[in-house]
Structure formats: structure tokens, C-alpha cells
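# Coordinate inspection notes
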Amino acid sequence: MEISQLDPKIKDSQNELIRHQEKAQKFKEYVQGLFIDVYTQDEFQRRVDAIYNETFKRDG
């Protein structure tokens, strides 16, 4: 495979990495906004799971 063939794949990978970094940042901000003392451990875990699913699994 030549370098010219790899270039589009590298750019696609870079775009995908940026998209995942943005999602990770969004997830981090959502979770940081939760007040742990307001929820039981199970409720907190369910909320974090729901936020994770909303953030990462929505696009498939």
C-alpha cells in the first residue's frame, strides 16, 4: 500500500479520534455535574450509565 492510499485513512482516523475526544469531554462534564451526595450509590451508577449510553452509544 502506498502513502497516497494511507492518507485518507489517516485523516478518517484523526476525525474519528477527535469525535471520540469530544464525546469523552462531554461525558466528563456531565458526570462532574452530578452531586454524589444527592444520590445513593445505585442511583448514581444508573445516572452515570445513562449518561454514558446517551453520549457514546447513540451513534452506534
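Now for a description of the structure that goes with this document. Think of each chain on its own: its residues are numbered from 1, step by step along the sequence as written. Local features in this predicted model are restricted to residues whose pLDDT is 70 or higher, and side-chain atom pairs enter the listing and the counts only when it is 80 or higher, whereas totals over whole chains, interfaces and linings include all residues. With hydrogens and water stripped out, all remaining heavy atoms of the structure feed into the side-chain values.

Centres within 6.5 Å are what make two rings of Phe, Tyr or Trp a pair, Trp counting through its six-membered ring; a difference in plane orientation under 30 degrees is then read as stacked, over 60 as edge-to-face, and the rest as tilted. Throughout the structure, instances matching the rule amount to three aromatic pairs. Among the aromatic residues, those joined into a cluster by ring pairs are Phe-27, Tyr-52 and Phe-56.

This next bit is on the environment of Leu-6. With respect to the helices and strands, Leu-6 occurs in helix H1 (residues 3–32). Buried means the residue's accessible area, taken with a 1.4 Å probe over protein chains only, is under 20% of the maximum for its type, while exposed means over 50%, and partly exposed covers the values in between. According to the relative accessible area criterion, Leu-6 is partly exposed, its value standing at 36%. Considered as a pair, Leu-6 and Val-38 are 32 residues apart in the sequence and their alpha carbons are 50 Å apart. For the purposes of this entry, the term helix denotes a DSSP run of H or I that reaches at least four residues, the term strand denotes a run of E that reaches at least two, and both are numbered from the N terminus.

Packed helices, taken two at a time, are described by the angle between their axes plus the distance between the axes. Note on definitions: angles span 0 to 180 degrees between N-to-C directions of axes, and those axes are lines fitted to C-alpha atoms, for helices only across the stretch in contact. Direction vectors running N to C along H1 and helix H2 (residues 41–56) enclose 155°, while the axes themselves pass 10 Å from each other. When the axes of H1 and H2 are compared, the pair comes out roughly antiparallel. For the pair H1 and H2, the sense of crossing is right-handed. Judged by residue contacts, His-20, Lys-23, Ala-24, Phe-27, Tyr-30 and Val-31 of H1 engage Phe-44, Val-48, Ile-51, Tyr-52, Thr-55 and Phe-56 from H2. We call Asp, Glu, Lys and Arg charged. Ala, Val, Leu, Ile, Met, Phe, Trp, Tyr, Cys and Pro are nonpolar, and the rest, Gly among them, are polar. Here the contact of H1 with H2 is composed, by residue class, of nine nonpolar, two polar and one charged. Any angle that is under 35 degrees is reported as roughly parallel, and any over 145 degrees as roughly antiparallel; angles of 65 to 115 degrees are reported as roughly perpendicular and all others as oblique. Left-handed describes a crossing whose near helix is turned anticlockwise from the far helix by less than a right angle; the clockwise case is right-handed. The contact criterion used throughout is that any non-hydrogen atoms of two residues lie within 4.5 Å.

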